[in-house]
Each structure stands twice: as C-alpha cells, then as structure tokens.
Amino acid sequence: MTALTLTNVCKSFGSVEVLKDINLTVEDGEFVVFVGPSGCGKSTLLRVIAGLEDATSGSVSIGGDVVNNIPPAKRGIAMVFQSYALYPHLSVRDNMALGLKQEKQPKSVIDERVNKAVQMLDLNAYVDRRPSDLSGGQRQRVAIGRAIVRDPKLFLFDEPLSNLDAALRMNTRIEIAELHRTLSASMIYVTHDQTEAMTLADKIVVLRDGKVEQVGSPMELYNNPANQFVAGFLGSPSMNFLKKVEIDLPQNGTLGIRPEQLEVVEQGRIRGRVTHVERLGGDTNLLVASDQNEVLTVRLFGQDPTEVGQSIELDFDDSSAFVFDAENQRVR
Amino acid sequence: MNTARHNRFNTFAAHGVLILYTLIALFPVFVIVINSFKTRKAIFREPLAMPNADSFSLIGYETVLKQGDFFLYFQNSMIVTVGSLFFILLFGAMAAFALAEYRFKGNLMMGLYLALGIMIPIRIGTVAILEMMVQTGLVNTLWALILVYTAQGLPLAVFILSEFMRQVSDDLKNAGRIDGLSEYRIFFRLVLPLVRPAMATVAVFNMIPIWNDLWFPLILAPAEEVKTLTLGSQVFIGQFVTDWNAVLSALSLAILPVMALYVIFSRQLIRGITSGAVK
Ligand SMILES: Nc1ncnc2c1ncn2[C@@H]1O[C@H](COP(=O)(O)OP(=O)(O)O)[C@@H](O)[C@H]1O
Ligand SMILES: [Mg+2]
C-alpha cells in the first residue's frame, strides 16, 4: 500500500507559484527525505500534506484516501516542527496527551501510549516539567514523543534538527533512524542539509524552486545525478565544476568531478596553486586555484603534507567524471 | 554586546535623567496630595509646605465623604473602566487574531479601516452618538459609556495586538491544529497567554483616559445615579467659589484605584517579558 500519493499538486500564494506540479509517492514504511535549498518550498509542501495549507490544485491522498477536504487532525498524520512548538502552559505529559484527549480516547489508552513513548525516548525524569525547563534536545524529544503517541499513518518532520548544536544533531539523527526501524512507520523528513538527507533516507526527493529535480535512493543520486544541481547539492565537499579543461565537452558544457576523485600527480591535465588547506585529521581538503582561474576542492584521505602556495598538478579518471550540457542536464 | 550599556558614566547619566523626569512628573501629584491634608488658609498661604500640626486638616475628605454619593461615583467609574477594558481587550484581541492569522479577501482593507480610527477622534461623532443613545434608550446608563469607550479603544488595541500576534510562532498554532484544537482553543489557550504583555500595554494605555474622561459622562450619563468620579467631583468646582479642600481630596482619592489597576497590569507586563514565554 502507498502511504502517500501526490498528484499534480500546485500551490500559489497570490501570484507567486511556490509548488509546481508535484507528483510523488511514499510507500508504506518508507523514510523519504525532501531536500533542497532554503525557500524552495519544502515546508510548504509538508504543510499541504498536513492540511495546514490547501493545495491550489492537485490531489493529496494518505493511505489510499483522498484527504484534500479533511482537516489536519483527521488525516492520520503527526508533525514535528523545527521550533519544537510545544504548548508552553502544559507539562511534558500533557503536551503528549493533548492530541489523544481531543480524539476522546479513554484515559487508559492515553496513559499507556504516553508511557510507552516516554520509555522509548527516555523522558521519564521530565514528564512533569514544563517545556521552558527543558533543554533544546529534550524539547525536540518531547515533540517527537507527541508525534509517536498519536500513532499516525504518516510522520512529518520539518527540519527537526536545525535548532540543535552539532553533537546533539548527530545523536538525535541516529535516534530518529532507530525510531523509524522500531516503528517501521512511513516518514517524511524535510531538511536543507544534505548530510541528514544522505544518512537517513530510503528515498531522497531533491526540490528546487518548487519543482522536483530528481527522486531516488541516496547512492543512486550520488552516483547518477540527473543534472548539475543535484550533482552539486549532494556530497560534501561539493562537486567541482570546470568549464576549461583538456577534455571534449559539448558546446558550453561543464565537467563535474567529485573532490575525492581528483588525484595529485606529477603531470596532469589540471595545473594550479594551493590557496588553502583544511586539515581534518582523517581527511585533508585542498583548495586549488587552477591556471585557468577556476577553483577546485581536492579531498585527500589521511594527513597530507601539502602547504599553502605550493604548485600542484591534478588528474582524474574519465569514467568517474560527469558531463553536463549547456542546459545543465547530464550527458551520458 | 552593547558596550555602552556597561559604561559607568552612561548608566549614571541615564539614571539621572530618569530620576529627574520622575520627580518632574510626580511633582503635581505630590502637591495635590499634601495640600489635600491642609486647611484652606494653609493651601493658599504656603502651597508647597508639608502639612504640620497647625495646618493639618481632614476637612476636604470629610466634605467629600459627606457628599454621600461619592462611593457610588467611585463604583460607577470602576464599572465603566473595567467593563470597557474587558471589551476592548476581548474584541480587540479577537479582531487582531483574525487579521493576523487568516488570509481572506479584504484583510488589508479591513486592517486599514480599523487603523483609521486611531487618527480620527471619536468626539467628532458626539452628536451622532448622543442621538443613537437617545434612540436606543441608553442615555444615563453605564452601558452608554462602556460602549463608547470600547469603540474608542478598539482601533489602537487591534493595531498593537495584531502586530504582536503575527509574532506568535506559526508552528505552535499548527501543532494545535494537528492535535485537533478548535480555532477558539488555539486563540484562547495558545495565543492569548503569549501576547499577555501586549494586552497589559493596551490596558494601561486605555485605562487612564477612560478613568479621567469628563466629556462623555457629562453628555451621555449626567444623571445622579450613573455619575462617574470625575463628573461627580465637578460639584466642588463652582464658577465663583471652588471648594479646594474637597477638590484636592477627591483627586487624591481618585488616584488610588488607577494605581491599583496599574500595578496589576504592570506586573503582568513585566512577568510576560521576563518569563520569556514567547520563545
Ligand atoms: N504564507 C505565505 N505567504 C506567502 N508566501 C509564502 C508563504 N509561505 C511561504 N511562502 C513563500 O514560499 C516559498 C517557500 O517557502 P518554504 O516552503 O517555507 O521554503 P523552505 O521550507 O523550503 O525553506 C518562499 O519563497 C516563501 O517566501
Ligand atoms: Mg522550511
């Protein structure tokens, strides 16, 4: 069964088209990540799915039923927001229980589900506190708990980790992945961070300016990007794009080469000077200005003695390079 | 952050200016209060002197309290002020929420129309208001005053509150919608508590002009049983003789309830700001 189907979904605010003809399916139990730069319409798409905004045209169906005219609370979804959005006047327990109380569930069911979520998220010590007495990470866990308690057909996450610091972000990311495995629920996760997308997703949907650019598993998108945007968006450091290089390119075309595919050699097709070195311990990233005045990133594994200012020659295996035409589409 | 804040001299200067301002602002009140405790002769002989054994007298207060209806006036003023504030805050907040939260045709025009009321003084419409009150039979009732003051206070209330409501997190309201809260519950339980400081500001802004108003009580409700305190105190001010003891005592007493209300609202104001409720 499909958890979610979007058919020709469009959304405009006044005359501004924010979503343009989105078609998409999410299978049962799938973890789908919407990724794209800020302002590309990810949150709007999520709000349309949740029913917080009406689609201008097109249909949204959840679990096989068209839900265009059904209010958010009855769609069988739960949402986790970037800003946590906990009710400030309620305790942690009541925050989690509110949705079920509104559904008029019996108290025994409410208690059972809340307790289970509290166990799962390790929130035992905090159930009677107010949100203002919790740290950012704890608040986000409460927000996740509030979603779990509703036992939804579809989870929606809108950049849930953006307000957390780096270390906590990684832990919470792992927790969300584990949660997905234990609940085997369908989840949609929105982020602008390609690392989160690559590490969490079964399926990534890359969005740009309200349009779907490409859909596929993380490795499909990484190994086979359909266009220059997807190629440049996924992978860190991001792909190098060169226009002036000793290789046959289509008219006005671009060559794409990932930083880890560049090799430092005695005599290569790219010559340049090192302008900056980032030593990360495990890797070393070199920033190189080529003699054609293009900037490249080179990722070397391990620790490398190269110094700033040094002249350097680089080369690559043609089979690992990508070629894009003048419209930035991939040429295979 | 702002290094000027931590500068000793600037702190000192700022406090100096504020203390000076406070002294200037409080001086007339101080003169009223001390003179209300003096004999008529002493008021005129040395208006700035403190009352002493010689000049001390409660004659003003006695006159005011003997005037019998003083407590009734007091009660009327209280009912009118509290009632008007209640309706201003209730309807103002509701209109502000609708303007801030919902996209509908004419949203902008409606906002501008309401804001227009800030610029046009309601007294221009006094004659029409009086005619309306006569026709609806509301003349000489407290309702006449409450309705007029509510209308007078609404534009600014809507303007200020809608600005604050726009700042309440959309995510919070949306979380409520997903949990199945009605729009009314979202308004009363989620949004209103977060804009409490703004509500207190609106209340303080409206309270004092309503309490002190003489114009509308004189025109719409001059009857003895619905007189407000300000109107009631006018009996002591005559064209030829003015009972200064009584006037000053009445004014001193009139300050008390406004001060009490102010303390209540400003507590809210400060609590709202310091608890960081919005974030
Ligand atoms: N309520 C709204 N009214 C008008 N424009 C909006 C509204 N919500 C979002 N937009 C516009 O839609 C675009 C996409 O916004 P959003 O979905 O929040 O992007 P993202 O979440 O990908 O950063 C932005 O250009 C934003 O200005
Ligand atoms: Mg967003």
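Details of the structure are given in the entry above.
Here's what I pulled together on the structure shown here. Keep in mind that this is a model prediction, so the values were computed, not measured.

1. Focus: the overall build of chain A
Secondary structure summary: chain A contains 8 helices and 19 strands in total. Projected onto its principal axes, the C-alpha coordinates of chain A cover approximately 75 × 45 × 35 Å. Of all 332 residues assigned to chain A, the portion counted as buried reaches 38%. Counting contacts in chain A only where the partners sit at least 6 residues apart, residues at least 24 apart contribute 64% of the total.

2. Side note on the overall build of chain B
Within chain B, the regular secondary structure consists of 13 helices and 0 strands. Going from N to C terminus, chain B has its helices and strands arranged as α-α-α-α-α-α-α-α-α-α-α-α-α. Expressed as a percentage of the 279 residues in chain B, the buried residues total 33%. For chain B, contacts bridging at least 24 residues in sequence account for 77% of all contacts bridging at least 6.

3. Some words on the environment of Val205(A)
Residues and elements named next belong to chain A. Looking at the secondary structure, you find Val 205 in strand β9 (residues 203–208). For the pair Val 205 and Gly 36, spaced 169 residues apart in the sequence, the C-alpha separation amounts to 8.5 Å. Setting aside its immediate chain neighbours within four residues, Val 205 contacts Leu 24, Val 32, Val 33, Phe 34, Val 212 and Val 215.

4. Remarks on the nonpolar core
In this structure, Val33(A), Leu156(A), Ile188(A), Leu145(B) and Leu161(B) are the most contacted members of the largest nonpolar core, which totals 133 residues. Setting aside chain neighbours within four positions, we find Leu161(B) in contact with Gly92(B), Ala93(B), Ala96(B), Val195(B), Ala198(B) and Val202(B). Among the nonpolar cores identified, the runner-up in size contains 11 residues, and Leu229(B), Ala246(B), Leu248(B) and Leu251(B) belong to it.

5. A look at the sheet that holds strand β4 (residues 57–62) of chain A
Residue and element names in this part refer to chain A. Spatially, β2-β1-β4-β5 is the arrangement adopted by the 4 strands of the open sheet, whose pairing is antiparallel. For this open sheet the edge positions go to β2 (16–27) and β5 (65–66), each flanked by a neighbour on one side alone. Two strands pair when backbone bridges link them, and strand β1 (residues 2–13) and β2 are joined in this way by 8 bridges, in the antiparallel orientation. Note that in β2 the partner of Thr 5 across the bridge is Thr 25.

6. Notes on the interface of chain B and chain A
Chain B puts 13 residues into the contact, and the matching count from chain A is 18 residues. Here the element with the most residues in the side of chain B that touches chain A is helix α8 (residues 170–178) of chain B; it accounts for 6 residues. Each residue belonging to the side of chain B that touches chain A can be placed in one class, and the counts come to 7 nonpolar, 3 polar and 3 charged.

7. Brief notes about helix α1 (residues 8–36) of chain B
All names here are of chain B. With 29 residues, α1 should cover 42 Å at 1.5 Å per step; its first-to-last C-alpha distance of 41 Å lies within 8% of that length. When the local axis directions of α1 are compared, the greatest deviation, roughly 40 degrees, occurs at Phe 27, which is followed within four positions by the proline Pro 28. Burial analysis of α1 places just 2 of its 29 residues in the buried class, which makes it a mostly uncovered element.

8. Structural notes on the environment of Gly83(B)
Examined against the element boundaries, Gly83(B) turns out to sit in helix α4 (residues 70–101). Residues Gly83(B) and Trp143(B), 60 residues apart in the sequence, show an inter-C-alpha distance of 9.0 Å.

9. Section: the sheet that holds strand β13 (residues 263–265) of chain A
All names here are of chain A. Reading across the sheet, the 5 strands line up as β13-β17-β14-β15-β16 and stay open at both edges, with antiparallel pairing between neighbours. Taken across any chain shown, the strands that pair with only one partner, and hence form the sheet edges, are β13 and β16 (295–301). Within this sheet the neighbouring strands show an average axis-to-axis angle of 50 degrees, counted without direction. As paired strands, strand β14 (residues 270–279) and strand β17 (residues 311–315) are joined by 4 bridges and run antiparallel to one another. Bridge pairing in β17 links Gly 272 to Ile 312.

10. A look at the pairing of strand β10 (residues 211–216) of chain A
All names here are of chain A. Here 5 bridges tie β9 to β10, and the two strands are oriented antiparallel to one another. Paired with Arg 208 across the strands is Lys 211, a residue of β10. The hairpin turn running from β9 into β10, its antiparallel successor, is 2 residues long, and Asp 209 in that turn takes a positive phi close to 45 degrees.

11. A few points about the pairing of β14(A)
Relative to strand β15 (residues 283–290) of chain A, β14(A) is paired through 7 bridges, and the arrangement is antiparallel. The residue of β15(A) that forms the bridge with Val277(A) is Leu286(A).

12. Some points on the environment of Ala97(A)
All names here are of chain A. Relative to the elements of secondary structure, Ala 97 occurs in helix α2 (residues 92–102). Once the C-alpha coordinates of Ala 97 and Ile 257 are considered, the two residues, 160 residues apart in sequence, prove to be 51 Å apart. What Ala 97 contacts, discounting residues up to four positions off in sequence, is Ile 110 and Val 114.

13. Focus: the site of ligand 1
Residue and element names in this part refer to chain A. Every residue lining ligand 1 is accounted for by Phe 13, Val 18, Gly 36, Ser 38, Gly 39, Cys 40, Gly 41, Lys 42, Ser 43 and Thr 44. With 3 residues, helix α1 (residues 42–50) is the single largest residue contributor to the shell around ligand 1. Classifying every residue of the shell around ligand 1 gives 3 nonpolar, 6 polar and 1 charged.

14. Some details on the packing of α2(A) against helix α3 (residues 107–121) of chain A
Residues and elements named next belong to chain A. Two elements in contact, α2 and α3, have axes whose closest approach is 10 Å; the angle formed by their N-to-C orientations is 135 degrees. Taken together, the axes of α2 and α3 are oblique relative to one another. In this structure, α2 meets α3 at a crossing whose hand is right-handed. Judged by residue contacts, Arg 93, Met 96, Ala 97, Leu 100 and Lys 101 of α2 engage Ile 110, Arg 113, Val 114 and Ala 117 from α3. Here the residues of the contact of α2 with α3 sort into 6 nonpolar, no polar and 3 charged.

15. Brief notes about unusual backbone geometry
The peptide bond linking Ser236(A) to Pro237(A) adopts the cis configuration, its omega dihedral lying at -5 degrees. Of note, the phi angle at Asn8(A) is positive, near 45 degrees, even though the residue is not glycine. Phi angles above zero are rare outside glycine, and Asn140(B) is one such case at about 60 degrees. Residue placement: Asn140(B) occurs in the loop between α6 (126–136) and α7 (142–166). What makes Asn140(B) partly exposed here is the crowd of 15 C-beta atoms within 10 Å.

Criteria and cut-off values
Residues numbered from 1 in each chain as written. Chains lettered and ligands numbered in written order. Predicted model: local features only at pLDDT ≥ 70, side-chain atom pairs only at ≥ 80, totals over all residues. Helix = DSSP H or I, 4+ residues; strand = E, 2+ residues; numbered from the N terminus. Buried ≥ 20, exposed ≤ 12 C-beta atoms within 10 Å, placed from the backbone. Contact = placed C-beta atoms within 7 Å. Core = buried A, V, L, I, M, F, W, Y, C linked by C-beta atoms within 7 Å. Pairing = 2+ DSSP bridges. Nonpolar A, V, L, I, M, F, W, Y, C, P; charged D, E, K, R; others polar. Expected span 1.5 Å × (residues − 1). Bend = angle between axes of the 7 residues up to and from the residue. Axes fitted to C-alpha atoms, helices over the stretch in contact; angles between N-to-C directions. Near = placed C-beta within 6 Å. Parallel < 35°, antiparallel > 145°, perpendicular 65-115°, else oblique. Left-handed = near helix turned anticlockwise from the far one by under 90°.

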